[in-house]
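Listed below, chain by chain, are the residues.
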Amino acid sequence: MAGGTTAAPALPLRGRSADPEAGIRARIQESIDRHKNEVMGLNEKVLPADAIWSNPELAWHETTAHDAICGFFDSLGADYKVTRKAYGIDTSFQVEAGTGADTSGKKTRTIVFNAEYDALPNMVPIKGTDPPKYKAAHACGHNLIASASIAAFIACWETLKAAKGTGTIKLLGTPAEESGGGKLRLLAAGAYNAIAACLMVHPGPMYSDKSLAAVSVTSSLASQRIIVDFEGQASHAGLAPWKGKNALDALVISYVSISALRQQLNPSVRVCGIITQGGKAANVIPDHTSAEFSIRAKSRKDLDDLREKIARCFKSGAEGAGCIAKVNETHRAYWDLNVNRVLCDRFTKHMKGFGVNIANTLAEITDDPGAATDQGNVSHYCPAIQPIFAIESGDAVNHNPAFADAAHTPDAFARAIACSKGMAAVGYEVLTSDATAKEVADEFSKSVPQKATALARQFGREPPTQEQIDNLLASPPSPLRKLLDPVDITKEQALGALMAADVFIDGLKGLL
């Protein structure tokens, strides 16, 4: 596995090597070797990686991670412009480095590395508690995501600076991926405007081929939260139960209906839920109960179809118990990933250049997703990737308590750092190569309209015309105003904005 501790020689980027990319890789390797102990959190500074894992924080409350990462970059000096509480979000941040326009005044490109750092609730039992209580943990390895992006960001900037290249590099803190959709709020605030490439990686368990360290082309499911409240009539459960309308019965009937529904659902679909309120006392017929469900499907259309079926289960359960179901299905959806194949190809190429055994595609990862991510929404608005790298976790998978322990081993960190090299190299290439940047942009401009057209027709509609897009750009409605702010936005980017903001279908009906 690449990512050992021996530093590569500081070779010049130009002139001496027959392979100019070898010099770039050497510079990236040197930078990462110099900073990786800092990123791991093993010296005296206030550093992010160990602070994040040791202080797991839930969505929108990641203050330790936010402060530690911002403090780290403050300590690195004036090259890094640190913005705390970026885009009006208390636990988001942005760190920026770059040279701005080149000497001729030519517009330069901007890339962004995403750093996630929120944890999962109720993962690890607290010692000495009876009945047992549980605390949060990094059971999805977001501490490794942050580490990889931090290291890639620094290495990309130091390599660009040494080469006297131009461009802007951003590290964006993206809170609340597990619950809340932090990237959706960042999108709405304009954080991803005019981005040439958005890069991040994600850990997962070992593949069937254990020699593989990572897979570049990944996919995810579209996902959405549904909240349901059942309203009934309270009554004494012993004296006059017949006078009550049992809201817990309504919930249980709905839950059982959904369980029965699963046998008719496509194997790619996921439905899971919890009871968030089941009543207040055993001797009182519950007059109010509530539940939260997470639904996932391969496409946005399949997700909508699934949501309708689940809503019917709620309504029928309520009717059977004589209650009322209030279904809140307005939460913005996570869209399935639309990864940029050119960026994936470049990541594979550069990882192999660093000696890492990586596959561009692998059926179990590329074609058979189970997870969902708000990076899916970002990938419809700008060229983006999210390769998966494998860590040794035994039988544990993401969202399992044992995966949190696996995400804190030196080997897992080394595997994340190996990916940071590939990300840094991809970012550097997008910034410095007009040809590569054009390939990436062309691939995005091709994939988004294709997806928009297919999706619109699945819903029995036609995608918007150029005239309708022009009207939208001339006076964008408030949900899209920040996303459509760039004056030179294209039709393809406008379609991507509609999907990224999860208003594509509504846009076809009314916004256009």
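The coordinates are above.
Just so you know, these numbers come straight off a predicted model, no measurement behind them. (Residues numbered from 1 in each chain as written. Predicted model: local features only at pLDDT ≥ 70, side-chain atom pairs only at ≥ 80, totals over all residues. Heavy atoms only, no water.)

Here we look at the overall build of the protein
What counts here: Secondary structure elements are defined from DSSP: runs of H or I of at least 4 residues count as helices, runs of E of at least 2 residues count as strands, and each element is numbered from the N terminus. Exposure is judged per residue with a 1.4 Å probe applied to protein chains only, and the accessible area is read against the type maximum: over 50% gives exposed, under 20% gives buried, and values in between give partly exposed. We call two residues in contact whenever any of their non-hydrogen atoms come within 4.5 Å of each other. Calculation of accessible area relied on Shrake-Rupley with a 1.4 Å probe; when residues are assessed, cover is drawn exclusively from the protein chains displayed.
Helix and strand content of the protein: 16 helices and 16 strands. Taking the principal axes of its C-alpha atoms as reference, the protein extends roughly 90 × 65 × 40 Å. The 512 residues of the protein split such that 54% are buried. Counting contacts in the protein only where the partners sit at least 6 residues apart, residues at least 24 apart contribute 77% of the total. In the form shown here, the protein has an accessible surface area of approximately 21,500 Å², with 51% of it arising from carbon and sulfur atoms.

Quick look at the sheet that holds strand β11 (residues 270–277)
Test applied: Paired strands are those between which DSSP finds at least two bridges. Think of each axis as a best-fit line through the C-alpha atoms, taken over the contacting stretch in the case of a helix, with angles from 0 to 180 degrees between the N-to-C directions.
One open sheet holds the four strands; their spatial order is β11-β12-β10-β13, and the pairing between them is antiparallel. The two strands at the open ends of the sheet, each matched to only one other strand, are β11 and β13 (324–328). Neighbour to neighbour, the strand axes of the sheet diverge by 20° on average, direction disregarded. As judged from the 10 bridges shared by strand β10 (residues 222–231) and strand β12 (residues 288–297), these two strands associate in the antiparallel manner. Paired with I226 across the two strands is F293, which belongs to β12. Sheet contacts for helix α6 (residues 247–261): β10, β11 and β12; angle to β12, the most-contacted strand, approximately 15°. Where helix α7 (residues 300–320) meets the sheet, its contacts fall on β10, β11, β12 and β13, and the angle it forms with β10 comes to roughly 15°.

Side note on the pairing of strand β6 (residues 167–173)
The buried fraction of β6 is high, at seven of seven residues. A two-sided burial pattern is seen for β6, the buried positions comprising G167, I169, L171 and G173 on one face and T168, K170 and L172 on the other. Relative to β6, strand β3 (residues 110–115) is paired through six bridges, and the arrangement is parallel. The residue of β6 that forms the bridge with T110 is T168.

Topic: helix α3 (residues 63–76)
How we decide: One fewer than the residue count of a helix, multiplied by 1.5 Å, yields its expected span.
Across its 14 residues, α3 extends 20 Å between first and last C-alpha, which sits within 8% of the 20 Å expected from 1.5 Å per residue. Buried within α3 are the following residues: A65, H66, A68, I69, C70, F72 and F73. Note on α3: the residue one or two positions beyond its end, G77, has a positive phi of about 110°.

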